[in-house]
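Letter by letter, the chains look like this.
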Amino acid sequence: QVQLVESGGGLVQAGGSLRLSCAASGRTFSSYGMGWFRQAPGKEREFVTAISWNGRSTYYTDSVKGRFTISRDNAKNTVYLQMNSLKPEDTAVYYCAAGIGAYYGFGPDEYASWGQGTQVTVSS
(Lines give C-alpha, C1' and ligand atoms only; values in the text may rest on other atoms or scores of the structure.)
Protein backbone atom coordinates (compact mmCIF):
# COMPACT_ATOMS: atom_id res chain seq x y z
CA GLN A 1 0.00 0.00 0.00
CA VAL A 2 1.32 3.40 -1.02
CA GLN A 3 0.57 6.25 1.35
CA LEU A 4 0.10 9.71 -0.13
CA VAL A 5 -0.09 13.00 1.72
CA GLU A 6 -1.06 16.24 -0.02
CA SER A 7 -0.15 19.69 1.18
CA GLY A 8 -0.11 23.25 -0.07
CA GLY A 9 -3.79 24.00 -0.39
CA GLY A 10 -5.35 27.16 0.91
CA LEU A 11 -7.30 30.28 0.11
CA VAL A 12 -6.21 32.44 -2.78
CA GLN A 13 -7.74 35.22 -4.83
CA ALA A 14 -8.57 34.73 -8.48
CA GLY A 15 -5.45 35.09 -10.58
CA GLY A 16 -3.20 33.87 -7.81
CA SER A 17 -1.04 30.78 -7.57
CA LEU A 18 -0.60 27.76 -5.37
CA ARG A 19 1.72 24.79 -5.46
CA LEU A 20 0.44 21.49 -4.19
CA SER A 21 2.76 18.74 -3.08
CA CYS A 22 2.10 15.05 -2.70
CA ALA A 23 4.58 13.04 -0.69
CA ALA A 24 4.56 9.31 -1.26
CA SER A 25 5.91 6.55 0.90
CA GLY A 26 7.39 3.45 -0.63
CA ARG A 27 10.48 2.43 -2.48
CA THR A 28 8.73 1.94 -5.82
CA PHE A 29 7.47 5.49 -6.32
CA SER A 30 9.35 5.89 -9.58
CA SER A 31 7.70 2.84 -11.15
CA TYR A 32 4.16 4.14 -11.55
CA GLY A 33 2.28 7.08 -12.90
CA MET A 34 0.72 9.73 -10.71
CA GLY A 35 -2.38 11.80 -11.15
CA TRP A 36 -4.28 14.68 -9.65
CA PHE A 37 -8.05 14.72 -9.30
CA ARG A 38 -10.36 17.26 -7.77
CA GLN A 39 -13.82 17.15 -6.29
CA ALA A 40 -16.13 20.07 -5.70
CA PRO A 41 -19.00 19.82 -3.21
CA GLY A 42 -21.80 17.65 -4.52
CA LYS A 43 -19.85 16.58 -7.60
CA GLU A 44 -17.91 13.54 -8.71
CA ARG A 45 -14.16 13.35 -8.80
CA GLU A 46 -12.74 15.06 -11.86
CA PHE A 47 -9.50 14.21 -13.59
CA VAL A 48 -7.10 17.14 -13.67
CA THR A 49 -3.68 15.96 -14.79
CA ALA A 50 -1.31 13.02 -14.73
CA ILE A 51 2.33 12.20 -15.27
CA SER A 52 4.13 9.04 -16.28
CA TRP A 53 6.63 7.20 -14.14
CA ASN A 54 9.63 9.04 -15.56
CA GLY A 55 7.98 12.42 -16.00
CA ARG A 56 8.33 12.38 -19.78
CA SER A 57 4.62 12.16 -20.52
CA THR A 58 1.93 14.41 -19.11
CA TYR A 59 -1.71 15.09 -19.81
CA TYR A 60 -4.03 17.88 -18.74
CA THR A 61 -7.74 18.33 -18.87
CA ASP A 62 -8.67 21.21 -21.17
CA SER A 63 -9.83 23.50 -18.39
CA VAL A 64 -6.36 23.69 -16.81
CA LYS A 65 -4.08 23.60 -19.84
CA GLY A 66 -1.64 26.47 -19.82
CA ARG A 67 -2.35 27.22 -16.18
CA PHE A 68 -1.41 24.06 -14.27
CA THR A 69 1.84 22.13 -14.43
CA ILE A 70 2.44 18.68 -13.01
CA SER A 71 5.94 17.53 -12.19
CA ARG A 72 7.66 14.91 -10.10
CA ASP A 73 10.88 14.42 -8.25
CA ASN A 74 11.39 10.71 -7.87
CA ALA A 75 14.42 11.19 -5.64
CA LYS A 76 12.14 12.94 -3.14
CA ASN A 77 9.14 10.66 -3.72
CA THR A 78 7.06 13.73 -4.44
CA VAL A 79 4.73 14.92 -7.18
CA TYR A 80 3.78 18.57 -7.55
CA LEU A 81 0.96 20.56 -9.03
CA GLN A 82 1.79 24.17 -9.81
CA MET A 83 -1.42 26.12 -10.27
CA ASN A 84 -1.30 29.58 -11.80
CA SER A 85 -4.01 32.00 -12.87
CA LEU A 86 -6.46 30.33 -10.55
CA LYS A 87 -10.17 30.76 -11.14
CA PRO A 88 -13.11 30.39 -8.76
CA GLU A 89 -14.17 27.28 -10.65
CA ASP A 90 -10.92 25.64 -9.59
CA THR A 91 -12.25 25.53 -6.04
CA ALA A 92 -12.28 21.91 -4.90
CA VAL A 93 -10.58 19.34 -2.77
CA TYR A 94 -7.53 18.17 -4.68
CA TYR A 95 -6.38 14.58 -4.42
CA CYS A 96 -3.22 12.96 -5.64
CA ALA A 97 -3.35 9.35 -6.70
CA ALA A 98 -0.85 6.64 -7.51
CA GLY A 99 -1.47 4.71 -10.69
CA ILE A 100 -1.40 0.99 -11.15
CA GLY A 101 1.15 0.95 -13.96
CA ALA A 102 4.01 2.98 -15.30
CA TYR A 103 1.69 5.28 -17.22
CA TYR A 104 -1.54 6.97 -16.31
CA GLY A 105 -5.22 6.67 -16.94
CA PHE A 106 -8.12 9.06 -16.71
CA GLY A 107 -10.51 7.17 -14.49
CA PRO A 108 -10.38 6.84 -10.71
CA ASP A 109 -10.40 3.06 -10.96
CA GLU A 110 -7.02 3.19 -12.68
CA TYR A 111 -5.38 4.46 -9.52
CA ALA A 112 -4.54 2.26 -6.58
CA SER A 113 -3.89 4.72 -3.77
CA TRP A 114 -5.24 8.12 -2.81
CA GLY A 115 -4.21 10.92 -0.54
CA GLN A 116 -6.47 12.55 2.00
CA GLY A 117 -7.02 15.63 -0.13
CA THR A 118 -6.19 19.29 0.31
CA GLN A 119 -8.67 22.12 0.01
CA VAL A 120 -8.14 24.79 -2.62
CA THR A 121 -10.46 27.77 -2.45
CA VAL A 122 -10.30 30.55 -5.02
CA SER A 123 -12.21 33.71 -4.24
CA SER A 124 -13.58 36.01 -6.89
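Cut-offs applied
Residues numbered from 1 in each chain as written. Predicted model: local features only at pLDDT ≥ 70, side-chain atom pairs only at ≥ 80, totals over all residues. Heavy atoms only, no water. Helix = DSSP H or I, 4+ residues; strand = E, 2+ residues; numbered from the N terminus. Buried < 20%, exposed > 50% of the residue type's maximum accessible area, 1.4 Å probe, protein only. Phe/Tyr/Trp six-rings, centres within 6.5 Å; stacked < 30°, edge-to-face > 60°. Lys NZ or Arg CZ within 6 Å of the ring centre and 35° of its normal. Polar contact = N/O pair within 3.5 Å; in protein donor to acceptor, adjacent residues only side chain to side chain. Contact = heavy atoms within 4.5 Å. Salt bridge = Lys/Arg side-chain N within 4 Å of Asp/Glu carboxyl O. Pairing = 2+ DSSP bridges. Axes fitted to C-alpha atoms, helices over the stretch in contact; angles between N-to-C directions.

A. Unusual backbone geometry, seen in detail. Unusually for a residue other than glycine, Asn77 sits at a positive phi of about 55 degrees. Mapped onto the elements, Asn77 comes out in the loop between β7 (68-73) and β8 (78-83). The class for Asn77 is partly exposed, based on a relative accessible area of 23%. Despite not being glycine, Ser85 has its phi angle at roughly 50 degrees, a positive value.

B. Fine view of the packing of aromatic side chains. For the structure shown, the criterion picks out eight aromatic pairs. Plain terms: the ring middles of Phe47 and Tyr59 are 6.3 Å apart, the flat faces sit at 40 degrees to each other, and that makes the pair tilted. Here Phe47, found in strand β5 (residues 46-51), pairs with Tyr59, found in strand β6 (residues 58-60); they are twelve residues apart in sequence, far enough to count as distant. Taking the relative accessible area as the measure of exposure, Phe47 reaches 10% and is therefore buried. The ring of Trp114 carries Arg45 above its face, with NZ or CZ at 4.7 Å from the centroid. Between the NZ or CZ atom of Lys65 and the centre of the ring of Tyr59, over which it lies, the distance is 5.7 Å.

C. Layout of the side chain of Asp90. By the element assignment, Asp90 lies in the loop between β8 and β9 (92-99). At 2.8 Å, the side chain of Asp90 forms a polar contact with the backbone nitrogen of Lys87. In contact with Asp90, not counting residues within four places along its chain, are Arg38, Arg67, Phe68, Val120 and Val122.

D. Spatial organisation of the pattern of salt bridges. Counted according to the given criterion, the structure contains four salt bridges. With its nearest N and O atoms 2.9 Å apart, the salt bridge here joins Arg38 to Glu46. For Arg38, a relative accessible area of 6% corresponds to the buried category. The salt bridge involving Arg38 is made with Asp90; its shortest N-O contact spans 3.0 Å. Residue Arg38 is located in strand β4 (residues 34-39), and its partner Asp90 is located in the loop between β8 and β9; the two are separated by 52 residues in the primary sequence. When its relative accessible area of 1% is taken as the criterion, Asp90 is described as buried. Among the ionic contacts, a cluster of salt bridges with common partners joins Arg38, Glu46, Arg67 and Asp90.

E. Examining the sheet that holds strand β3 (residues 18-24) more closely. Taken in spatial order, the four strands line up as β1-β3-β8-β7 in an open sheet, and their pairing is antiparallel. Because the sheet does not close on itself, it has two edges, and the strands there are β1 (4-7) and β7. Strand-to-strand twist across the sheet, computed as the mean angle between neighbouring axes with direction ignored, equals 15 degrees. Bridge count for β1 against β3 is four bridges, and the pairing is antiparallel. Along β3, the bridge assignment pairs Leu4 with Ala24.

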